[in-house]
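Residues per chain are reported as follows:
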Amino acid sequence: MAFLGIDIGGTFIKYVYENNQIKKGKFYVKDIVEEGDREALLDVIAEIFENHKSKAIGVAVAGLIDKKTGLITNSPNIKPLEHFNIKEALEKKLGVSVYVENDATLAAYGEYLYGAGKDSQILICLTLGTGLGGGAVINGHLLTGVSGSAMEIGHMTIDKNGWLCHCGRKGCLEAYVSSYGLERIYFFKTDKHIPSSEIILYANEGKKEALESLEEFSRYLAYGLMNILHIFNPDKVLLAGGIPEHYPAVVEMATADLKKLAFPLPFRDVSIDIASLGEFSGAYGALGLAKTKGGGK
Ligand SMILES: [Zn+2]
């Protein structure tokens, strides 16, 4: 039986297809997203499906999916999908069962089924990208919440008078631990605004301000990890996204700070690692969702 997992991002649509073996790919869609062309976006998915016929499709989207109405709410990077029922639309268009879930939640599920989170009892996955996403898989089950809005870890407040977050609140963890958070930390040190990828490049070249910025970034990350440890007592926390992938030292630095901050008991039993599926973790999770819900593991 064949299954398809699709991850709709603001820049790319990625897919992972399983039919005896795994195949993956991606399509550039930034222009479509910016034009706000919902139909064109659905056409890209239809094209992927045409070439990868499957029994069911799992879809990962950046945004909250209201469990009661099926509508996608708050999807700042993919405006065409806001207040839209993508499950219904795709099922009608493709004539196959479609299951939709938040992308960070599915990134955790992907890592649990196919990546660095295999056999984890309580797995938390943090996706450090433009924003900060969180997902949890507990005893093999996705933690999605009653409404579909669980695990908004990026928006836990770590300083009530802190920096402004993209969500409009002050002092969210994401305001510090995200690519724009890192850019802001660097800006306050140097008065220069450069992309996070460049800061990482400078840090890898050993440049002082960049190294200091990533140290500070890691300290904020440690506070987020401390809260996660105290609430979930997980055995595994995985960090996904460009920053930990290209500058893995943040994991060691944050873990060293975490040791000083957290209760010793949950610290003893957790391991903090880098996610292993890279940019495809969400698509792998979507594939897992299609298999779990769409019949036949
Ligand atoms: Zn926020």
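Description of the structure in this document. (Residues numbered from 1 in each chain as written. Predicted model: local features only at pLDDT ≥ 70, side-chain atom pairs only at ≥ 80, totals over all residues. Heavy atoms only, no water.)

So, the sheet that holds strand β3 (residues 21–28)
Ordered in space as β3-β2-β1-β4-β7, the five strands form an open sheet in which the pairing is mixed. Two strands lie at the open edges of the sheet, namely β3 and β7 (97–102), each paired on one side alone. Strand after strand, the sheet turns through a mean of 15° between neighbouring axes, direction not considered. Bridge count between strand β1 (residues 3–8) and strand β4 (residues 56–61): six bridges; the pairing is parallel. (Pairing = 2+ DSSP bridges. Helix = DSSP H or I, 4+ residues; strand = E, 2+ residues; numbered from the N terminus. Axes fitted to C-alpha atoms, helices over the stretch in contact; angles between N-to-C directions.)

Quick notes on the packing of aromatic side chains
Across all of its chains, the model carries nine aromatic pairs by this definition. Joined through ring pairs, the aromatic side chains of Trp-163, Tyr-176, Phe-187, Phe-188 and Tyr-220 make up one cluster. Lys-26 extends its terminal NZ or CZ atom over the ring of Phe-12, reaching a point 4.3 Å from the ring centre. (Phe/Tyr/Trp six-rings, centres within 6.5 Å; stacked < 30°, edge-to-face > 60°. Lys NZ or Arg CZ within 6 Å of the ring centre and 35° of its normal.)

Re helix α11 (residues 281–293)
For α11, spanning 13 residues, the distance from its first C-alpha to its last is 18 Å, which sits close to the expected 18 Å at 1.5 Å a residue. Across the 13 residues of α11, eleven count as buried, placing the element largely inside the fold. Of all the residues in α11, the buried ones are Ser-281, Gly-282, Ala-283, Tyr-284, Gly-285, Ala-286, Leu-287, Gly-288, Leu-289, Ala-290 and Lys-291. At the exit of α11 stands Gly-295, carrying a positive phi of roughly 95°. (Expected span 1.5 Å × (residues − 1). Buried < 20%, exposed > 50% of the residue type's maximum accessible area, 1.4 Å probe, protein only.)

Here's the deal with the packing of helix α5 (residues 179–190) against helix α6 (residues 196–204)
α6 packs onto α5 with a crossing angle of 60° between their chain directions and a minimal axis gap of 9 Å. By the angle between their directions, the pair α5 and α6 is classed as oblique. Regarding α5 and α6, the two cross each other, and that crossing is left-handed. Contacts from Ser-179, Leu-182, Glu-183 and Tyr-186 in α5 reach Ser-196, Ile-199, Ile-200 and Tyr-202 in α6. (Parallel < 35°, antiparallel > 145°, perpendicular 65-115°, else oblique. Left-handed = near helix turned anticlockwise from the far one by under 90°. Contact = heavy atoms within 4.5 Å.)

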